[in-house]
Structure formats: C-alpha cells, structure tokens
Amino acid sequence: QTLQLVACLLALYLQAGIAFGNLSLAYPSALFWTPPIAFVAFQEPPDSEKLSTWMWAKKAAWLLLSSIFLFLASPMAWIVPNVFSEFTAYMKYIYVPLHLATSILLLS
C-alpha cells in the first residue's frame, strides 16, 4: 500500500503542472493514469499452504493482463512510432515516469 501511495503522489505531482498550464490537456492524462494507479486493490494473501488452484489461476490471469496492458501502454511499443514521431516533453517527463510507477505497482 505504501508503493501505491507513492505512485499516486507521483501522478499528482507530475500532472499538476499540466493542470495549471491547460486544464483541457490534463483530462486525458488523468483519465488514462488514474485507474491503473489508484484502483488496484491489494489484499493480504492467505497462507501460502492454503492457496487453491483458483487463487493461482487468478494471480496468473492478473499478471498476464497487467503485462499486456504495460506492453501496449509502453512508449516504445506503440505510442512513439504511431502517435508521436519523437519523444515529446510530455512523454519524457510525465508519461515515462508514470509508466514505470505503474509497472512497479502492477507487477509487485
């Protein structure tokens, strides 16, 4: 939960500059980054001896979905070649740090 707090504070700090500069530019960024950072639910796992097949399948599905999301949202996979022709200031200073924080959060 501490890692989630740090990721939320980083997202808030990085996007505050966009919101003060132009609020309409902050909406898409906030809508994209808020769900994967803020709505991840961390639950205490039961004893490792009692983990059922269902729990292992659930963990494996979560890891697979998280990995697919992180790959598709990674700057080098799709966004920079198709949306932006090069790394813009937004990509360097906001998108990449938030992507790294989300990666750590989802894969931990």
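Predicted model, so just to flag it, every value in this text is computed and none were measured. (Residues numbered from 1 in each chain as written. Predicted model: local features only at pLDDT ≥ 70, side-chain atom pairs only at ≥ 80, totals over all residues. Heavy atoms only, no water.)

Engineer: Help me understand the overall build of the protein, please; the structure alone is not making it clear to me.
Structural biologist: Tallying secondary structure elements over the protein gives five helices and zero strands in all. In the protein, the order of α-helices and β-strands from amino to carboxyl end is α-α-α-α-α. Taking all 108 residues of the protein together, the buried fraction comes to 28%. Contacts spanning at least 24 positions in sequence make up 70% of the contacts within the protein whose residues lie at least 6 apart. (Helix = DSSP H or I, 4+ residues; strand = E, 2+ residues; numbered from the N terminus. Buried < 20%, exposed > 50% of the residue type's maximum accessible area, 1.4 Å probe, protein only. Contact = heavy atoms within 4.5 Å.)

Engineer: I keep staring at the layout of surface pockets and nothing clicks. Help me out?
Structural biologist: Empty space among the atoms becomes visible once a probe the size of a water molecule is rolled across them. Roughly 230 Å³ of internal volume is contained in the second largest pocket. Together, Ile18, Leu25, Pro28, Ser29, Phe32, Trp78, Ile79, Val83, Phe84, Tyr90, Met91 and Tyr95 line the second largest pocket. Among the elements that take part in the lining of the second largest pocket, helix H2 (residues 23-38) stands out by supplying four residues, more than any other. Among the residues forming the lining of the second largest pocket, the class breakdown is eleven nonpolar, one polar and no charged. (1 Å grid on protein atoms, 1.4 Å probe; cavity = no way out; pocket = protein on both sides within 12 Å on 5 of 7 lines; lining within 4 Å. Points joined across faces, edges and corners; volume = space filled by probe spheres on them. Nonpolar A, V, L, I, M, F, W, Y, C, P; charged D, E, K, R; others polar.)

Engineer: Help me understand a nonpolar patch on the surface, please; the structure alone is not making it clear to me.
Structural biologist: Taken together, the side chains of Leu64, Leu65, Ile68, Phe71 and Leu72 make up a nonpolar region of the molecular surface, amounting to roughly 540 Å² of accessible area. Checked against the element boundaries, Phe71 lands in helix H3 (residues 53-73). (Patch = residues over 30% accessible without salt bridge, like charges linked within 9 Å, V, L, I, M, F, W, Y side chains within 5 Å. Areas by Shrake-Rupley, 256 points an atom, 1.4 Å probe, with all protein chains shown as cover. Salt bridge = Lys/Arg side-chain N within 4 Å of Asp/Glu carboxyl O.)

Engineer: Explain the packing of aromatic side chains here, please?
Structural biologist: Given two aromatic rings, one states the distance between the centres and the angle between the planes to describe the pair. Within the structure shown, the criterion is met by five aromatic pairs. Aromatic ring contacts, followed pair by pair, group Phe32, Trp33, Phe69, Tyr90 and Tyr95 into a single cluster. (Phe/Tyr/Trp six-rings, centres within 6.5 Å; stacked < 30°, edge-to-face > 60°.)

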